Amino acid sequence: MDAKPRMEFAVDMKCDSCADIVKNALKTRDVEVVMLDVKKQLLVVESQLSFKEILTLIEDTGKRAVLMGYGSNVSSSLGAAVAEISGNNVNGVVRIVQLANNNCLIEGTIDGLTPGKHGLNVHEYGDLSDGCRSCGNHFNPHNFGHGGINSEERHVGDLGNISAQINGRSSFRLLDSRINVWDIIGRSLVVHEKEDDLGSGQNERSKVDGNSGPGIACGIIARSSGLFQNAKRLCTCDGVPLWDEREVPIVGKERTRQKL
Ligand code: ZN
């Protein structure tokens, strides 16, 4: 059985007709609704679209939504992770989900890149103390040479290139059999300045890092919730509802004002 990505969203729904509106919005884009519970404000869908695309479809109906968990139809929680990528005017979120054994989904959207190709790699360390420079080398537990995501010989961390459009955005979706979420949590994901030659270059550097230049944006790969692992609907710390939380800073005056 092919593993299909499953996503759990908390959706701000208050009436049965809201449920129909959400269902209809998703139906038009071939998103399969696995579960929709208005009382629990819970929506579970199966789809090949990215979490961000689905979030947009839901929010375009006027309902607020938050991604609560990510898994697959094979397993609700083989492992999921998130990396918040940042650099000089570069920002994005990448989600990594183990859909099945030997089937890992890496999907993300990164903004602020120069148009064109950029190497993307998992690096050894989750250490940003000196920016992307302290992330170490490409994650390479088997001591192979550098390659691309489809190369026979590659570092486990080699994900090839992502492409940024003229507006600086890169949206990507990769499936990989070599990366396992549980091996890379606590490491980092790095976007490089230049195109990765995937090990095909003539110089020695090509077998080390594909001549992709320094990291320009990076983030630590952190564990995130599988399906139904996250029961949170209110922030336990101060009662800011989940919906409002994402528009409010984590600390400071603005947050206090929003207290219930
Ligand atoms: Zn590499």
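Provided above is the structure to which this section pertains.
Being a predicted model, the structure only gives us computed values, none of them experimental.

**Re the overall build of the protein**
1) Next: Helices and strands together make up the secondary structure of the protein, namely six helices and 13 strands.
2) Next: Here the protein holds 260 residues, and 50% of them are scored as buried.
3) Next: A separation of at least 24 residues holds for 65% of the contacts in the protein among residues at least 6 apart in sequence.
4) Next: By element, 48% of the accessible surface of the protein is carried by carbon and sulfur atoms, the whole surface being about 13,100 Å².

**Some remarks on the state of the cysteines**
1) Next: A full pass over the atoms with the stated rule returns two disulfides.
2) Next: Across the disulfide from Cys15 sits Cys18; the S-S distance is 2.3 Å. Across the disulfide from Cys15 to Cys18, rotation about the S-S bond amounts to roughly 85 degrees, and the bridge is consequently right-handed.
3) Next: You can call Cys18 buried: its relative accessible area is 8%.
4) Next: One disulfide bridge connects Cys132 with Cys218, the sulfur atoms lying 2.2 Å from each other. Taking the sign of the S-S torsion, about -95 degrees here, the bridge from Cys132 to Cys218 comes out left-handed. Of this pair, Cys132 sits in strand β9 (residues 129-132) while Cys218 sits in strand β13 (residues 215-224), and the two are 86 residues apart along the sequence. Here Cys132 matches Cys218 in class, with each residue buried.

**Observations regarding helix α1 (residues 16-27)**
1) Next: Along its twelve residues, α1 runs 17 Å from first to last C-alpha, staying within 8% of the 16 Å computed at 1.5 Å per residue.
2) Next: Within α1, the full set of buried residues consists of Cys18, Ala19, Val22, Ala25 and Leu26. For α1, the arc enclosing every buried residue in end-on projection is 130 degrees, short of the 170-degree limit, so these residues lie on one face. Looking at α1, the residues exposed on the side facing more than 90 degrees away from the buried face are Asp16 and Lys27.
3) Next: On its buried face, α1 sits against β1 (5-11), β2 (32-37), β3 (42-46) and α2 (51-59).

**A few points about the side chain of Ser134**
1) Next: Positionally, Ser134 belongs in the loop between β9 and β10 (158-164).
2) Next: Residue Ser134 is classed as buried on the basis of its relative accessible area of 14%.
3) Next: One polar contact links the side chain of Ser134 to the main-chain carbonyl oxygen of Asp127, over a distance of 2.8 Å.
4) Next: A distance of 3.3 Å separates the side chain of Ser134 from the backbone nitrogen of Ser129, its partner in a polar contact.
5) Next: Those residues in contact with Ser134 that sit more than four places away from it in its chain are Tyr125, Asp127, Leu128 and Ser129.

**Details of the sheet that holds strand β12 (residues 188-192)**
1) Next: Strand order in the open sheet made by the eight strands is β10-β8-β12-β13-β5-β6-β7-β11, with antiparallel pairing throughout. Pairing within the sheet leaves two strands with one partner each, and these edge strands are β10 and β11 (170-176). Each adjacent strand pair in this sheet contributes to an overall mean axis angle of 20 degrees, direction not counted.
2) Next: Across eight bridges, strand β5 (residues 80-87) lies against strand β6 (residues 90-100) in antiparallel orientation. Bridge assignment links Ala81 to a residue of β6, and that residue is Ile96.

**Let's talk about the environment of Lys207**
1) Next: Within the secondary structure layout, Lys207 lies in helix α4 (residues 206-209).
2) Next: Measuring from C-alpha to C-alpha, the distance between Lys207 and Phe144 comes to 8.9 Å, with 63 residues separating the pair along the chain.
3) Next: Every residue in contact with Lys207, bar those within four places of it in the chain, is listed here: Gly145, His146, His155 and Gly199.

**With respect to unusual backbone geometry**
1) Next: Residues other than glycine seldom take positive phi values, yet Asn89 does so here, at roughly 65 degrees.
2) Next: Tracing the backbone shows Asn89 in the loop between β5 and β6.
3) Next: The phi angle at Asn102 is positive, at roughly 60 degrees, despite the residue not being glycine.
4) Next: In this structure, Asn102 sits in the loop between β6 and β7 (103-111).
5) Next: Note on Asn102: relative accessible area 54%, which makes it exposed.

Each value, and the rule that gives it
Residues numbered from 1 in each chain as written. Predicted model: local features only at pLDDT ≥ 70, side-chain atom pairs only at ≥ 80, totals over all residues. Heavy atoms only, no water. Helix = DSSP H or I, 4+ residues; strand = E, 2+ residues; numbered from the N terminus. Buried < 20%, exposed > 50% of the residue type's maximum accessible area, 1.4 Å probe, protein only. Contact = heavy atoms within 4.5 Å. Areas by Shrake-Rupley, 256 points an atom, 1.4 Å probe, with all protein chains shown as cover. Disulfide = S-S within 2.5 Å. Expected span 1.5 Å × (residues − 1). Arc of directions from axis to C-beta. Polar contact = N/O pair within 3.5 Å; in protein donor to acceptor, adjacent residues only side chain to side chain. Pairing = 2+ DSSP bridges. Axes fitted to C-alpha atoms, helices over the stretch in contact; angles between N-to-C directions.

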